[in-house]
Structure formats: C-alpha cells, structure tokens
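In case you want the letters, here they are:
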Amino acid sequence: MLFNSIEFLFFFFPSVVTGYYLCNSFWGFDRAKTFLLVVSLFFYSYWLPPYILLLICSIVFNFAIGKLLSKRDQLRKKLWLVLGIGFNLCLLAYYKYFNFFIDTLEVMLATEFGVGRVILPLAISFFTFQQIAYLVDLSRNDARASGFRDYALFVSFFPQLIAGPIVQHRQMLPQFAGRSLNIDWNSVTIGWMIFLIGLFKKLVLADNFAVYADPVFDAAADGLALTMVEAWLGALAYTFQLYFDFSGYSEMAIGLGCMLGFKLPLNFLSPYKATSIIDFWRRWHITLSAFLRDYLYISLGGNRGGRFKRYRNLVITMLLGGLWHGAAWSFVLWGAMHGLYLVINHAWRKVTSIVGFAKGRLKLTKLVLSHAVTFIAVVWAWVLFRSESIQDSMLLWAAMTSLTDLFSGGGLFPNGVTPSAAFPNALLGVELIVLGLVVVFFFPNVAQLFALARPYLIEKGVSAHTSDFWKMFGLQQRAEGKPFSLNWIAIVCFSLLGALALFSLGKVSPFLYFQF
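Residues numbered from 1 in each chain as written. Predicted model: local features only at pLDDT ≥ 70, side-chain atom pairs only at ≥ 80, totals over all residues. Heavy atoms only, no water.

1. Quick look at the overall build of the protein
Point 1. If you tally the helices and strands in the protein, you get 19 helices and two strands.
Point 2. Relative to its 516 residues, the protein shows a buried fraction of 53%.
Point 3. For the protein, contacts bridging at least 24 residues in sequence account for 76% of all contacts bridging at least 6.
Point 4. When the accessible surface of the protein is split by element, carbon and sulfur atoms take 66% of a total near 23800 Å². (Helix = DSSP H or I, 4+ residues; strand = E, 2+ residues; numbered from the N terminus. Buried < 20%, exposed > 50% of the residue type's maximum accessible area, 1.4 Å probe, protein only. Contact = heavy atoms within 4.5 Å. Areas by Shrake-Rupley, 256 points an atom, 1.4 Å probe, with all protein chains shown as cover.)

Structure (structure tokens):
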C-alpha cells in the first residue's frame, strides 16, 4: 500500500489514527500498541499476503536470539550473535541476491539453468538491518531486551517499514514504554504539514522529473545515440527525481509518526548542498550512513591502523553499501565509485590542511567550487545507479562528455529519442531542472522549517541549522513548552501544497525504494 494511494490517504490512515486514539482513550496505551502492531502487519501484507509469514518469522527468530544474547554467558553470546547475523544475512542473500547470482552464473557459463525467479519481499533490506543492529548492540551490552509486542512493533511500525528510515532500537523502544497518551493536536498539525510536504515532493516534483529522466535512460537501454544535452537533462532529472521521491517518502513517514505521537529519525538534510562527498553522506540517507559507520566501517577497524587501512575500510564499506542498494553489478560499482570519492576527499583534506589551501579571499571561490564539484560527482555516479546495465551508463557518460552535437544545429533533441508524447515541452524540462536547483540549494529543508518543534529524531553529530523561515507565517514557539501558533497564511500555504499533490492522485506511481 503506497502512502500516495487513495486507499491509504482516505481509508487506511484515517481509520488507523481514529482506532489508535480510541483504543488509548478506552483501554490504555498497551491496547493501542497492540492495535498499531496489527494494522502494521496488515499494511505489510496488503501487497503480497504470503510474505507476512516471512516478516513474522524474522521477528520471532530475532526476538528469541535477542533473549539469548541478553544473558551474561560471554562465550555463548558470540555463538548466538553469529547465528543471528548469519540467519539475517542468509535471508537477505536468498531473497535479494539469488536471481543476481543465477543470472551472473548463466552469463559466465553461457547456459540457462531454468531456475524460477524469486520475488523480492518488501522492505527486507530495511528490517534486516534494523534487527542486525539490535542483536549487535545486545551483544555489546548497549541495549536491553524488550517485550515481544514492543519489539515486533519496533520492526513492523508501518510508517517506516517499507522504505525507512532505518530506525535503531534506542530510538523507538523507549517511545513504546508504558505511558498515558492523549491527542496532542500540536503534533498532529505539525505531522500533517510534514506529510503534505513529502506528498508534494513525491507527486508534484519527483513524478514530473521522471517524465524527463525515464525516456533518456530507456533510450540508452535501447542502444540509441544521445546528445550531450539529452544525456545531461536525463541525468539531472533523475538526480532530482530520486531525491524528491526518497526524501518525500521519509518525510511522509516522519509526519505519519508525528501524528501518532512518535518521533522517527531525520533521513535527509539538504544533501545537494554538501560541500564534499564526506558531507554528502552525512546528509543523504542519514540512517543508512549511520548504520554503515557503526556496524561495518568501525567493525572493520575504522580509521585505526593508519591511512591505508582507513581508505581500505572506506572502500569495502561503500562496496557493501552499494550491494545493499540492489542486486546488480552497477550498484556494486556505484558503491566502489563513492568509496573512491571518499578516499580522494580524505586525501585532499589532508593535503589542503598541510599547505593551507584557499585562505582569505579564496574562501568563497573554494566554497563555490566545492559545491559544484560535489554536485557534479554525485550526478555522475547517479547515472550508474539508475542505468539498467554498466553498458548503458557508459553510453550516457560518453554522451555527457561529448561536444560534437552541442552546436550541430539539429535542435535540442535531434536524434528523436525523446518523443513529444514523453516530452511535451523540451524547454519545460530545462526550466524544471532550474527549478530543482533552486529548491535544493535555496529552500529550507524540513529540519530547518520545524527545528523549534523537533518532530523528528536527529543522528548524533548531525546539526540541523534553525531557520527564521516560519516567522513570516507566525508559526513559531513563543516559549519553551508552549504550543505552536498557526495563522491563516500557513494554513493556506499547506492547503495549496496538499491540493496540488491530491490533483496528481489519479496517476499514482510507486516509490523508487518501494520493493527494496
């Protein structure tokens, strides 16, 4: 069930909010949590009901291993941890990588095995990582085993279940502790506004960028020649499509959680404003970056053992992070590319710190160049991320660096790979790219808009700069502990956002990370 579908917006979620608060009012918070667990399992089973058994079995097994890990037998702890992580990785390997493994073997051996295809379950990448982190922290005595209902709700909580953010036990389980719960209309209002921002990003921005991205990548997949303008338009359109789609979903999840009285972690913090690749990964998919850092990079040795080992660990971490994103060699190479980016970035920082590069008046030039180089490097890598094969990405990269057709006089799309049906107005596509640049570089993000209310959790070490943006709308916290005031200007603005998004409901499209 998609957040941007009619059945979710007008039937499922209103029923869940009503039932949740009624359960709490009449029977208490424990019954309300049970209600949330049931509807979360229903939400997961809506797409393909048999896979609900997979989710339940995963929850039960990991809960049982967690109970064993909570005991103080250090020798057996290692055994149970290996068993738990092995089970999760085997589950992930079979459902996510079996087809990839068979396809690779068939290509290498030039034969066909005739093996049936495995259907990828929803969210297996997300709930697997959540539970691995839980088991590792239990083995380190950084977590305490919880009751089964709270644990099951932590894994299956429907706002974050399908496409993240990847929540940690220390972020959610304390929120499920016993408490009395009354409707906080302030949280409901702010959550609804955040949800509308995410819905607008998905339906109005991301889906319109897809109109210009998909034909270019489809043309590359068909082996058609592309001009430089076509290739860059497709690459930039996908760059914005992916960001608005994924960040929109994450913000819708935060908004839904807020309306139910829970805080989910912030997952995006204006990543295209980054001034380096290091900075980019502190802003893009923050919860994944935190997981890779805490449970993979540091476990490999982190920056201990010298510069070479640090660079090696960075590349390995990003290689595995790329493979986590998808079962294809293009994802592996995309991870390797970002690993190389990070190595270059760290090495460059070392060099510039020694020679004192860009001091004084050169600081502004350095800042602008840093933004530009980082953004172009990210766009360049997204081509590999989006392409159906490495050969397709090579074709697009070649077109992006070719100047032969730029001044040929054949028009903006001379090769005819972008039919008018898909591109109603080529100039409009360029204008849309400019709009995307303006939005991602100059508009405040959700963390800035709602910094005073803090309806989200923020990763340690990540700074969300506050913004004076809301002063013009009269939406600001007048004193600590006092609710926000919402004037008619804010109501009108968010109503317009919602209306624009709802007008697009007739053409519902899945999230890019929906089956992931």
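Additional details are given in the paragraphs that follow.
2. Focus on helix α12 (residues 286–297)
Point 1. With 11 of its 12 residues buried, α12 lies for the most part within the structure.
Point 2. For α12, the complete set of buried residues consists of I286, T287, L288, S289, A290, F291, L292, D294, Y295, L296 and Y297.
Point 3. Looking at the packing, one finds that the buried side of α12 touches α5 (124–139), α8 (169–172), β1 (264–265), α11 (277–283) and α13 (307–325).

3. Here's the deal with the confidence of the model for the protein
Point 1. Summing up the model confidence of the protein, the mean pLDDT is 82 and the portion of residues at 70 or higher is 81%.
Point 2. Scored below 50 in pLDDT, residues 406–424 makes 35 contacts in the model with residues more than four places away or belonging to other chains.
Point 3. Every residue in residues 467–485 is under pLDDT 50, and counting partners more than four places away or in other chains gives 34 contacts. (pLDDT = per-residue confidence, 0-100.)

4. A look at the pattern of salt bridges
Point 1. Enumeration according to the criterion identifies 11 salt bridges in this entry.
Point 2. Close ionic contact of R117 with D103 constitutes a salt bridge, the shortest N to O distance being 2.8 Å. Here D103 lies in helix α4 (residues 74–109) and R117 lies in the loop between α4 and α5, a separation of 14 residues in the sequence.
Point 3. A residue is classified by how much of its surface remains accessible, and R117, at 54% relative accessible area, is exposed.
Point 4. Where E251 meets K201, a salt bridge forms, and the shortest distance between an N and an O atom there is 2.9 Å. (Salt bridge = Lys/Arg side-chain N within 4 Å of Asp/Glu carboxyl O.)

5. Looking at helix α6 (residues 148–156)
It helps to recall that an α-helix has 3.6 residues per turn; residues three or four apart then point in one direction.
Point 1. In terms of residue burial, α6 counts as a mostly covered element, since seven of its nine residues are buried.
Point 2. Taken together, the buried positions of α6 are D150, Y151, A152, L153, F154, V155 and S156.
Point 3. The inward-facing, buried residues of α6 abut α2 (29–45), α3 (52–69), α5, α7 (158–161) and α8.

6. A few points about the packing of aromatic side chains
Point 1. Tallied over the full model, the rule gives 61 aromatic pairs.
Point 2. Between the NZ or CZ atom of K96 and the centre of the ring of W324, over which it lies, the distance is 5.4 Å. (Phe/Tyr/Trp six-rings, centres within 6.5 Å; stacked < 30°, edge-to-face > 60°. Lys NZ or Arg CZ within 6 Å of the ring centre and 35° of its normal.)

7. Overview of the environment of L105
Point 1. Residue position: L105 is located in helix α4.
Point 2. By relative accessible area, L105 is classed as partly exposed at 24%.

8. Here we look at unusual backbone geometry
Point 1. At A123, a residue that is not glycine, the phi angle is positive and equals roughly 65°.
Point 2. Relative to the helices and strands, A123 is located in the loop between α4 and α5.
Point 3. Overall, A123 belongs to the buried group, its relative accessible area being 0%.
Point 4. With a phi close to 65°, N141 is a non-glycine residue in the positive phi region.
Point 5. The residue N141 is located in the loop between α5 and α6 in this model.
Point 6. You can call N141 partly exposed: its relative accessible area is 48%.

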